[in-house]
Amino acid sequence: MSEEKTPRVEIQPELCKGCELCISQCPKKVLELGKDLNHMGYNFATYKGDGCIGCGVCFYACPEPGTIRVYKKIRGDK
Amino acid sequence: MENLDNTIGKPQSFYDTFERKPGKDKQIVHYCPGCGHGRIHKLIAEALDSLEMADETVFVSPVGCSVFGYYYFDTGNIQAAHGRAPAVGTGVARANKKGYVISYQGDGDLAAIGTAEIIHAANRGENMTVIFVNNGIYGMTGGQMAPTSLEGQKTATSPYGRDIADMGAPIRMSEIIAKLDAPVYVERVSVSDFKNINKAKKAIHTALKAQKDRKGFTFVEVLSACPEGWKLSPVDAIKRLQDVMETYYPLGQYKNELETRPTKAEPLPRPSDKDIMTALGVGDKAAIINVTDTFVKNFKEQRVRISGFGGQGVLLAGTTLGNLAMHHELAVTWLPSYGPEMRGGTANCHVMINNSVVGTPVVDKPNVLIAMNGPSLDEFENTVEAGGTIFVNSSIVDKKVKRTDVKAVYVPMTNIAEDAGIKKAANMVAVAAYLSYSKAMDLNSLIDLLKVNFKKKELVDANIKVIHAAKEYVEKNCM
Ligand SMILES: Cc1ncc(C[n+]2csc(CCOP(=O)(O)OP(=O)(O)O)c2C)c(N)n1
Ligand code: SF4
Ligand code: SF4
Ligand code: SF4
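Residues numbered from 1 in each chain as written. Chains lettered and ligands numbered in written order. Predicted model: local features only at pLDDT ≥ 70, side-chain atom pairs only at ≥ 80, totals over all residues. Heavy atoms only, no water.

Caption draft 1: How the structure looks around the overall build of chain B. The secondary structure content of chain B amounts to 18 helices and 14 strands. A globule of 479 residues ought to have a C-alpha radius of gyration of about 23 Å, yet chain B, at 29 Å, is considerably larger. With respect to the three principal axes, the spread of C-alpha positions in chain B is 85 × 60 × 45 Å. Here chain B holds 479 residues, and 52% of them are scored as buried. For chain B, restricting intrachain contacts to residue pairs at least 6 apart in sequence, the fraction spanning at least 24 positions comes to 63%. Surface exposure of chain B reaches about 22,000 Å², of which carbon and sulfur atoms provide 54%. Computed over 55 positive and 53 negative side-chain charges, the inter-centroid distance for chain B is 3 Å. (Helix = DSSP H or I, 4+ residues; strand = E, 2+ residues; numbered from the N terminus. Rg over C-alpha atoms; globule rule 2.2 N^0.38 Å. Buried < 20%, exposed > 50% of the residue type's maximum accessible area, 1.4 Å probe, protein only. Contact = heavy atoms within 4.5 Å. Areas by Shrake-Rupley, 256 points an atom, 1.4 Å probe, with all protein chains shown as cover. Lys, Arg positive; Asp, Glu negative; His and termini not counted. Charge placed at Lys NZ, Arg CZ, Asp CG, Glu CD.)

Pasting the structure below:
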């Protein structure tokens, strides 16, 4: 069944090197660097929780292959 | 399961987990935080996905930070010597006309040590795609000046800044490559902001698509940040990329003849083996040995290691055997291995012979060992495959073969040669003894070959004498 969903972004904390490129390039400024450190010792990027428009800029900004996943469309199957 | 169709995430052409990468973190790249290589890898993987090319692609990694391309891309992978990726790629592209090649290279790799290789691969119009990552520095080795480093740029090897009068001006490779006739598509892009990343994505896609359509040589230069080498934060490095790099290196297409160019022409057919033999003056004599299909079909692979001291002719014994195998229409490789001292040191060679295709020319588990002196037996006895045969030159080697799971054949090679009148022909005794014992190939054909190869009749006669003596000895004493 499909349900209404707003665009969002998922960032794997343990796969983030804290380079801040996603944060600096997000047009909506909805990403931030957290205070916690991951197992590699980096502050990792997190989604503030709303305002993401699913544009994908952060995905291409990130040098890591699969750290970020952007959910772009309004509809998604649960 | 959530439907991921409407998401943007890791491309399929990457491995799920990077098992070849050492350490625990098998889902992230080995690059520094903010490194442009990671961004570019994603664009390549996405293009491979959408063009469905990954299964047929060989990714050639360079020397440089991206040396470990094979950790990530679920394609064929080869890691080339520094600067040589386009040469390796040429071999791959020509050997596998149905496949695709990505030559991925840094600016130290491509624009310094590999200048010759890139120019000539481009000039020949090889059907491959070069992704040229220009970060204006040697990243891997700790930030030395590259041919692409900018004027005034301070690096480990230009501490006062690059001085053009002294070090030349930064090289603009796209402009140079585009001036050659053969390349069909040359573009410079930059992985800086979203707009430019998108253009880079399109350019890489276009280049790979052109390769898929067999249009020839395509070249995408990607300006890329090296925060580590530039000693900047990743965010500041992107600023420098935009403000400084993109100014000196103008972005855009330098060549696009995709519409007007036909598919790359096939080179003229190569001369056949027979033509080459004729050109070498051994033409029809090459067919002197009559070989039946059954002989070739039933031929059991011979992995031969011949070893002795320099001057014993072990390398020549190997080429003789290899030649003989070629005349028997077998597949053969010969690989010499010797120290810098051509005489006096040890020498050995690998001869691989089988009936179809030789994979590796390296014989690390021989089924035939010919030990012309003591140290050779010491060194290689244990490498012989169980059931294999060791031929020992008992004129010089007093010891016996210790192994019980191999056959040992003792032949006084040096003495037999001496008695037959040519002291130096112990190597010929070795070959003849091996053939007499194993019957891998007809001994008479060795004589036929000598008649073709040796110009002087005395030499032929003397060697025939040696061969007969070796055969007689083996039949009397070893069978
Ligand atoms: C034959 C040879 N010469 C020199 C080196 C040392 N070396 C390793 S990487 C490199 C340059 C790498 O720079 P670049 O191609 O720009 O790649 P990056 O590391 O910046 O991605 C050099 C000179 C080497 N490994 N082999
Ligand atoms: S998808 Fe766009 S809006 Fe959403 S976090 Fe990423 S960059 Fe920001
Ligand atoms: S771009 Fe990637 S690695 Fe860098 S901070 Fe964002 S999520 Fe982390
Ligand atoms: S040294 Fe430069 S090019 Fe190499 S991984 Fe680090 S940032 Fe990337």
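There is more to say, and it comes next.
Caption draft 2: Broad picture of the overall build of chain A. When you go through chain A residue by residue, the secondary structure sums to two helices and six strands. The order of helices and strands in chain A, counted from the N terminus, is β-β-α-β-β-α-β-β. Taking as baseline every contact in chain A between residues at least 6 positions apart, the subset at least 24 positions apart corresponds to 59%. Summed over all atoms, the accessible surface of chain A reaches about 4,000 Å², with 51% contributed by carbon and sulfur.

Caption draft 3: Main features of a negative patch on the surface. Together, B:Asp16, B:Asp55, B:Glu56 and B:Asp74 give the surface a local cluster of negative charge. Residue class for B:Asp16 comes out exposed when judged on its relative accessible area of 65%. (Patch = residues over 30% accessible without salt bridge, like charges linked within 9 Å, V, L, I, M, F, W, Y side chains within 5 Å. Salt bridge = Lys/Arg side-chain N within 4 Å of Asp/Glu carboxyl O.)

Caption draft 4: Representation of the sheet that holds strand 11 (residues 346–354) of chain B in the model. Residue and element names in this part refer to chain B. Taken in spatial order, the six strands make up an open sheet running 10-11-9-12-13-14, and their pairing is mixed. At either end of the open sheet lies a strand with only one pairing partner, and these are strand 10 (331–338) and strand 14 (407–411). The sheet shows a mean angle of 15 degrees between the axes of neighbouring strands, taken without regard to direction. As defined by bridge partners, strand 9 (residues 302–309) adjoins strand 12 (residues 368–371) across four bridges and the pair is classed as parallel. Along strand 12, the bridge assignment pairs Val-304 with Val-368. (Pairing = 2+ DSSP bridges. Axes fitted to C-alpha atoms, helices over the stretch in contact; angles between N-to-C directions.)

Caption draft 5: Just unusual backbone geometry, in detail. Positive phi, normally seen in glycine, also occurs at A:Glu20, with a value near 70 degrees. Within the fold, A:Glu20 resides in the loop between strand 2 (8–11) and helix 1 (21–25). A positive phi is found at B:Glu329, a non-glycine position, where the angle reads about 60 degrees. Mapped onto the elements of the fold, B:Glu329 is located in the loop between helix 13 (314–327) and strand 10.

Caption draft 6: Layout of the site of ligand 4. Every residue near ligand 4 is listed here: B:Tyr31, B:Cys32, B:Cys35, B:His37, B:Cys65, B:Asn135, B:Gly139, B:Cys226, B:Pro227 and B:Glu228. Broken down by class, the residue content of the shell around ligand 4 amounts to six nonpolar, three polar and one charged. (Near = heavy atom within 4 Å. Nonpolar A, V, L, I, M, F, W, Y, C, P; charged D, E, K, R; others polar.)

Caption draft 7: Summary view of the sheet that holds strand 1 (residues 7–8) of chain B. Spatially, the three strands line up as an open sheet ordered 2(A)-5(A)-1(B), and their pairing is antiparallel. Of all strands in the sheet, those with a lone pairing partner are strand 2 of chain A together with strand 1 of chain B, marking the two edges. Here strand 2 of chain A pairs with strand 5 (residues 68–71) of chain A via four bridges, running antiparallel. Bridging across to strand 5 of chain A, A:Glu10 finds its partner in A:Arg69.

Caption draft 8: Focus on the nonpolar core. Ranked by internal contacts, the top residues of the largest apolar core, which has 56 residues, are A:Ile68, B:Ile44, B:Ile131 and B:Val220. Grouped together as the second largest cluster of nonpolar side chains are 50 residues, B:Val314, B:Phe391, B:Ile416 and B:Leu449 included. (Core = buried A, V, L, I, M, F, W, Y, C linked by side-chain atoms within 4.5 Å.)

Caption draft 9: The site of ligand 2, seen in detail. Taken together, 13 residues lie near ligand 2, and A:Cys26, A:Cys52, A:Cys55, A:Gly56 and A:Cys58 sit nearest. Within the shell around ligand 2, the residues separate by chemical class into 11 nonpolar, two polar and no charged.

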